[in-house]
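# Understanding the architecture of this molecule
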Amino acid sequence: MGKNGCNVREYVVFTTLLQPPRHRPSVPLILQLGTNSPETSLAAARHVLGDVDGIDVNLGCPKKFSVSGGMGCALLKNPKQLEAILTALVNGIDKPVTCKMRILPDFEASLQLLKLVASCGVAAVAVHPRTPTDRTETVPADYSTLKRLLHEAQLQIPVILSGDVFALERIPKTLEDSGTHSVMIARAALWNVSIFSPEPISQMEYGREFLWASIYYKNCLANIKYTLTRAFEGRDKLAFHAQLQASKTLEDFGRCFGCDATTIASFHTTPPDLTVHRPDTAKRRKVEPAPH
């Protein structure tokens, strides 16, 4: 029961696995927080500390819901609050704290922000070299500006590039162009997570295996629908996207990928084998951006 006697429906937004995946028992799990407060950041981090290996702070989300709440990119314009949040986490928990940020239109302001973030004691920083108003669909990631920033900043922590990484074979050139130590892949992994494999699978097979893993590991239905509808968006997938969008149950999603009710039921109890070698898999294919 909530305020004023209203019924409150509780549901899970984030869970950790009761047991780690069999194929990667030691894979680290990092929880990213969208936050505007050092106190709530620290409370949230301590709440999950036994289930995660580190905490990341989102300084890069440009979405209205985030910025209007003083989170994400809004913190780039509020360096005192940004510093307070990072410092509270670094001093308040015994696991690594990192953050992910965008750059600002002004080079010097971006440089000072990078130095400020590093001075808070974070273990690493990920940089998405677009400004808060740049859209990923129309503005390419600015690797050259990021490389200049890092040359000037001379940070003593690892810097991770985020933005426009669509193929494994492009990573060495991308690291050279941006001056970073490693890369973070988001959109391409959302379209087909097998981008991380030297033997990628088809997008339809990925969708089916994602559904299987989601059911077995009890991913919530809203997250399943969000991921699949984002993975299969684009003009060449309109009919299939509409089918996914109309799906309301696990069985509905199963039919999208050719799974009957018996198969869906088996997904609840049969762990997905994510290490199976698929002889029909062709040589590495570039994961192309979804068409718009």
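Just above, that's the structure.
Reference entry: report on the structure contained in this document. This structure is a prediction, so every number in the text was calculated from the model and none was measured. (Residues numbered from 1 in each chain as written. Predicted model: local features only at pLDDT ≥ 70, side-chain atom pairs only at ≥ 80, totals over all residues. Heavy atoms only, no water.)

### Things to note about helix 6 (residues 171-178)
Within helix 6, burial applies to Ile171, Thr174 and Ser178. Angularly, the buried residues of helix 6 cover 60° about the axis, an arc narrow enough to put them on a single face. Summarising the geometry of helix 6, the exposed residues directed more than 90 degrees from the buried face are Pro172 and Glu176. For helix 6, the secondary structure elements touched by its buried residues are helix 5 (143-153), strand 5 (159-162) and strand 6 (182-184). (Buried < 20%, exposed > 50% of the residue type's maximum accessible area, 1.4 Å probe, protein only. Helix = DSSP H or I, 4+ residues; strand = E, 2+ residues; numbered from the N terminus. Arc of directions from axis to C-beta. Contact = heavy atoms within 4.5 Å.)

### Regarding the pattern of salt bridges
Scanning the entire structure with this criterion turns up 5 salt bridges. Arg130 is the salt-bridge partner of Asp164, the closest N and O atoms lying 2.7 Å from each other. With Asp164 in the loop between strand 5 and helix 6 and Arg130 in the loop between strand 4 (124-128) and helix 5, this residue pair connects regions lying 34 residues apart in the sequence. Across the pair Glu233 and Arg230 runs a salt bridge whose closest N-O atoms are separated by 3.3 Å. (Salt bridge = Lys/Arg side-chain N within 4 Å of Asp/Glu carboxyl O.)

### Points about the pairing of strand 2 (residues 54-59)
Within a regular beta strand, the side chains point alternately toward one face of the sheet and then the other, so they alternate between its two faces. Among the 6 residues that make up strand 2, 6 are buried, leaving the element largely enclosed by the rest of the structure. Every second residue of strand 2 is oriented toward a common face, with Gly54, Asp56 and Asn58 on one face and Ile55, Val57 and Leu59 on the other, all of them buried. Pairing of strand 1 (residues 30-33) with strand 2 involves 4 bridges; the strand directions are parallel. Counted as the bridge partner of Ile30 is Gly54 from strand 2. In this fold, the crossover linking strand 1 to strand 2 by way of helix 1 (residues 38-48) has right-handed handedness. Where strand 2 meets strand 3 (residues 97-102), 5 bridges bridge the pair, whose relative direction is parallel. Across the sheet, the residue bridging to Ile55 is Val97, located in strand 3. (Pairing = 2+ DSSP bridges. Right-handed = clockwise from strand over helix to strand, strands pointing away.)

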